[in-house]
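Residue-level listing of the chains:
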Amino acid sequence: MPETDNDLAAERIYGRLAAWLAQHALGETGTVDGHHTNNLGALEFSDLFAGYCQLIDGLVCPLWRASLGLEVLNPELSGSQLIWIEGALSRTEINRAGMSTREDYIKSPIYVVDTTNRPFRWRHTESMPDMEVIQRLAGRGMTDYFVMPLPFQDATRTSTMSVASNRPGGFSDLELERLIVAARIFAPVAERWVLRHIALDLLAHYLGRVPAERVYAGQIERGDVTTIEAAILICDMRGFTAMTDRSGRGQIVALLNRWFERIGAAIRAQQGDILKFMGDGLLAVFPLQDGRGATCDRALDAALGAIAETDALNAELAAEGGAALRFGIGLHWGEVEFGNIGTRERLDFTVIGPAVNLASRLQELTKSLDTPILA
């Protein structure tokens, strides 16, 4: 069939959208400081979405509002949302806790899309749904709202893009058709961003910040280790076995999480990295930074912070009728092997070496010496 004027116009629009994304989402290849690198000159993702909305506004049809919702795989966050309104961009992060039961989510267009995997549309000529976001935006003049799931290859997580108009007639059928294609053109770029962040977030949560960066950069072979200088911190709770025997199912895990959260806060505050949890204890490192003295000071400050944090937790436990927690910390400095050990099927990114062994023995000595920290 011969192409119509509408077909030719659509091809020009889609071509310009795709070409703009190719330039601004991917950037250029090149070399920086002697290292090959990609994405030179590429826009930050939020700026990319804002620029794309502006381009749609000029090429496809006038836009009043657009949003991009992306689910991530993060223990704390369910996802993030970018909202573009008449050229202004805002970003919100959505906490994971309680997300599936929140009324503002259950009574929303996004919930409809998430549960049906189909688009949702509302126009001002229709009855007002029991949805706070529709009611709020309609009160600001919105006449047409359309949200669709993005066709990501990874269908286990939700992703949506919405567009809204405040024109009297809303979107025409032709405009909506082109908006849907524009969203699909953007989808691979959005999924690329999501997958990178999922990979980095998961690695950071399970390995620690510095190991995550090294693994993502390619340090993945068994036996691939680097010798570094670092302060080592090994922490262990006292009386854990007896506590486990007298605690109900689930109670000990909840208590450990509360305590680890406090210890972890003290370590993060001093730029340390927790490499592993070992039952009721943990191993953390403070790689050399700004000299040996400054690094050791940070490790000691983390240990002192752990005492203060545990004292605060013990006050909470006392108010709940619980017993106080006690622990010991061993600190040492030295050269360690930092990298991958294990089997072909299961690797562990850790530190090994005499300095780690001595830190462990110092931690054990805190029991007989009855002191919380030994360095």
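This is a predicted model, so every value here is computed, not measured. Residue positions are given per chain, counting from 1 as you read along its sequence in written order. Per-residue local features are limited, in this predicted model, to residues with pLDDT of at least 70; the limit for side-chain atom pairs, both in listing and counting, is 80 or more; totals at the level of whole chains, interfaces and linings are taken over all residues. As a rule here, side-chain values cover all heavy atoms of the structure and leave hydrogens and water aside.

Quick look at the packing of aromatic side chains
To describe a pair of aromatic rings, one takes the distance between the centres and the angle between the planes.
Part 1 of the argument: Paired rings are identified among Phe, Tyr and Trp, the last through its six-membered ring, by centres lying within 6.5 Å, and are further divided according to the angle between planes into stacked (under 30 degrees), edge-to-face (over 60) and tilted (the rest). Under the criterion given, the structure shown has 10 aromatic pairs.
Part 2 of the argument: Between the aromatic rings of F45 and W193, the centroid separation amounts to 4.7 Å while the plane-to-plane angle is 15°, which identifies the pairing as stacked. In this pair, F45 sits in helix α2 (residues 45–59) while W193 sits in helix α6 (residues 173–207), placing the two residues 148 residues apart along the sequence.
Part 3 of the argument: Its relative accessible area of 10% is what places F45 among the buried residues.
Part 4 of the argument: Measuring from ring centre to ring centre gives 4.9 Å for Y52 and F186, while their planes differ by 35°; the resulting arrangement is tilted. Here the residue Y52 occupies a position in helix α2, and F186 occupies one in helix α6, the gap between them amounting to 134 residues. The same class applies to Y52 as to F186, namely buried.
Part 5 of the argument: Members of the aromatic cluster, connected to one another through ring pairs, are W20, F45, F49, Y52, F186 and W193. In DSSP terms, a helix is any run of H or I states spanning at least four residues, a strand is any run of E spanning at least two, and both are numbered starting from the N terminus. Burial status follows relative accessibility: with a 1.4 Å probe on protein chains alone, a residue under 20% of its type maximum counts as buried, one over 50% as exposed, and anything between as partly exposed.

Focus on a nonpolar patch on the surface
Part 1 of the argument: Distance thresholds for patches are 9 Å for like charges and 5 Å for nonpolar side chains (Val, Leu, Ile, Met, Phe, Trp, Tyr), applied to residues having over 30% relative accessible area and no salt bridge. We get accessible surface area from the Shrake-Rupley algorithm with a probe of 1.4 Å; when it comes to residues, only the shown protein chains can shield them. Counted as salt bridges are all cases of a side-chain nitrogen of Lys or Arg within 4 Å of a carboxyl oxygen of Asp or Glu. Taken together, the side chains of V225, I341 and I352 present a nonpolar region at the surface, about 200 Å² in accessible area.
Part 2 of the argument: Mapped onto the elements, V225 comes out in strand β9 (residues 225–237).

Examining unusual backbone geometry
Part 1 of the argument: Unusually for a residue other than glycine, E86 sits at a positive phi of about 45°.
Part 2 of the argument: Checked against the element boundaries, E86 lands in the loop between β4 (77–85) and β5 (88–95).
Part 3 of the argument: On the accessibility criterion, E86 (58% relative accessible area) is exposed.
Part 4 of the argument: Residues other than glycine seldom take positive phi values, yet D290 does so here, at roughly 65°.
Part 5 of the argument: Among the secondary structure elements, D290 is positioned in the loop between β11 (281–287) and α10 (292–319).
Part 6 of the argument: Residue class for D290 comes out exposed when judged on its relative accessible area of 69%.

Comments concerning the packing of helix α1 (residues 5–26) against α6
Part 1 of the argument: Across the interface, α1 lies against α6 with an axial gap of 11 Å and an inter-helix angle of 25°. With respect to each other, α1 and α6 are oriented roughly parallel. Like other packed secondary-structure pairs, α1 and α6 cross with a definite hand, here right-handed. Where α1 approaches α6, its residues N6, A9, A10, I13, Y14, L17, A18, L21, A25 and L26 are matched on the opposing element by L174, E177, R178, V181, A182, I185, F186, V189 and R192.
Part 2 of the argument: Looking at side-chain class alone, the contact of α1 with α6 contains 15 nonpolar, one polar and three charged residues. Axis geometry follows a simple rule: fit a line to the C-alpha atoms, using only the stretch in contact for helices, then measure angles between N-to-C directions, giving values from 0 to 180 degrees. Geometric relationships in this document are graded by angle, where less than 35 degrees denotes roughly parallel, more than 145 denotes roughly antiparallel, 65 to 115 denotes roughly perpendicular, and other angles denote oblique. Whether a crossing is left-handed or right-handed is set by the direction in which the near helix is turned from the far one by less than a right angle, anticlockwise for left-handed and clockwise for right-handed. By definition in these notes, contact holds between two residues if any of their heavy atoms fall within 4.5 Å. Each residue gets one of three labels, nonpolar for Ala, Val, Leu, Ile, Met, Phe, Trp, Tyr, Cys and Pro, charged for Asp, Glu, Lys and Arg, and polar for the others, Gly among them.

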